[in-house]
Amino acid sequence: MPIFMRRKLIIQEYCVTPYYRIRLVYNGPNPQLSYKEVKKLIKECFGVNDDDIQEKDFQWTRGPVERFSVEWVVTKDLDKFTFWYIQISLKGEAKPSKEFGKVGSVTVVIGGFVRTEYPQDTWWQRSVFYEVFRILWDNLFYVNKRLEYQRACKAAMFLFHDRLKEFFNLLPQRG
């Protein structure tokens, strides 16, 4: 959970690379079913519950062509200072089909970062001595932990991507 304070030092590392987002595009039958599956996969792949998922934007227009757009933000606490911040968006449309019920397309985009926040509210936390100790502790011990969190975030993002490909039946056939 982010630390809500007036002053804080923030260290942020992207799970994959800066400005890179994992993208999945599906064209086929019943894309509207992806909403429930994405929400289920968020919980499974990132190890979070409903309290850690915030639905930032939800638009679903009905009509001859059904259009939908949803954006989730997942915040997972890792320790006292660090958390994951994952953004997932889903956009698509579906129109009636005689063969499948509905047919259309959906695009899922996922990105995220690991953020460490050190509070700097008290006079001690803003002092030079505290900053020296914090830098030493961070560079000698905590940097490996942050790197571990970053690797786990990347793995969870790609697990989510692969599980979603499984749901859409987009994985290459082995045989």
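Structural data are supplied above this passage.
Residues numbered from 1 in each chain as written. Predicted model: local features only at pLDDT ≥ 70, side-chain atom pairs only at ≥ 80, totals over all residues. Heavy atoms only, no water.

Trainee: Help me understand the overall build of the chain, please; the structure alone is not making it clear to me.
Mentor: Scanning the chain from terminus to terminus reveals 2 helices and 6 strands. Each helix (α) and strand (β) of the chain, taken in turn from the N terminus, gives the series β-β-α-β-β-β-β-α. For 175 residues, the compact-globule estimate of 2.2 N^0.38 gives 16 Å, and the C-alpha radius of gyration of the chain, at 20 Å, exceeds that figure by more than 25%. On the principal axes, the C-alpha backbone points of the chain span a range of 70 × 40 × 25 Å. Across the 175 residues in the chain, those meeting the buried criterion constitute 40%. A separation of at least 24 residues holds for 68% of the contacts in the chain among residues at least 6 apart in sequence. For the chain, the accessible area works out to roughly 10,700 Å², and carbon and sulfur atoms hold 55% of it. Computed over 28 positive and 21 negative side-chain charges, the separation of the two mean positions in the chain equals 3 Å. (Helix = DSSP H or I, 4+ residues; strand = E, 2+ residues; numbered from the N terminus. Rg over C-alpha atoms; globule rule 2.2 N^0.38 Å. Buried < 20%, exposed > 50% of the residue type's maximum accessible area, 1.4 Å probe, protein only. Contact = heavy atoms within 4.5 Å. Areas by Shrake-Rupley, 256 points an atom, 1.4 Å probe, with all protein chains shown as cover. Lys, Arg positive; Asp, Glu negative; His and termini not counted. Charge placed at Lys NZ, Arg CZ, Asp CG, Glu CD.)

Trainee: Can you walk me through the packing of helix α1 (residues 34–46) against helix α2 (residues 128–167) in this structure?
Mentor: When two helices pack together, you describe them by how their axes are tilted relative to each other and by the distance separating the axes. Across the interface, α1 lies against α2 with an axial gap of 10 Å and an inter-helix angle of 145°. In the packing of α1 onto α2, the handedness of the crossing is right-handed. Of the residues in α2, those in contact with Ser34, Glu37, Val38, Leu41, Ile42, Glu44, Cys45 and Phe46 of α1 are Ala156, Met157, Leu159, Phe160, Arg163, Leu164 and Phe167. When grouped by side-chain class, the residues that make up the contact of α1 with α2 number 11 nonpolar, 1 polar and 3 charged. (Axes fitted to C-alpha atoms, helices over the stretch in contact; angles between N-to-C directions. Left-handed = near helix turned anticlockwise from the far one by under 90°. Nonpolar A, V, L, I, M, F, W, Y, C, P; charged D, E, K, R; others polar.)

Trainee: Help me understand the nonpolar core in this model?
Mentor: General note: in soluble globular proteins, nonpolar side chains tend to be found buried as a group. In this structure, Ile42, Phe46, Trp72, Ile86, Ile88, Met157 and Phe160 are the most contacted members of the largest nonpolar core, which totals 36 residues. Looking at this core, the elements with two or more residues in it are β2 (22–29), α1, β4 (66–77), β5 (82–97), β6 (101–119) and α2. With 7 residues, α2 is the largest single contributor of residues to this core. Apart from the residues within four sequence positions on either side, isoleucine 86 is in contact with Cys15, Phe46, Trp72, Val73, Val74, Ile110, Gly111, Gly112, Cys153 and Met157. (Core = buried A, V, L, I, M, F, W, Y, C linked by side-chain atoms within 4.5 Å.)

Trainee: Explanation requested: the packing of aromatic side chains in the structure shown.
Mentor: Overall, the coordinates contain 17 aromatic pairs when judged by the stated rule. With a centroid separation of 6.0 Å and an interplanar angle of 25°, the aromatic rings of phenylalanine 58 and tryptophan 60 are classed as stacked. Note on tryptophan 60: relative accessible area 22%, which makes it partly exposed. Ring geometry for tryptophan 137 versus tyrosine 142: centroids 4.8 Å apart, planes at 15°, classification stacked. By relative accessible area, tryptophan 137 is classed as partly exposed at 33%. A relative accessible area of 5% places tyrosine 142 in the buried class. Taken together, Tyr35, Phe58, Trp60, Phe68 and Trp72 form an aromatic cluster joined through their ring pairs. (Phe/Tyr/Trp six-rings, centres within 6.5 Å; stacked < 30°, edge-to-face > 60°.)

Everything listed is a geometric property; what it means functionally is a separate question.
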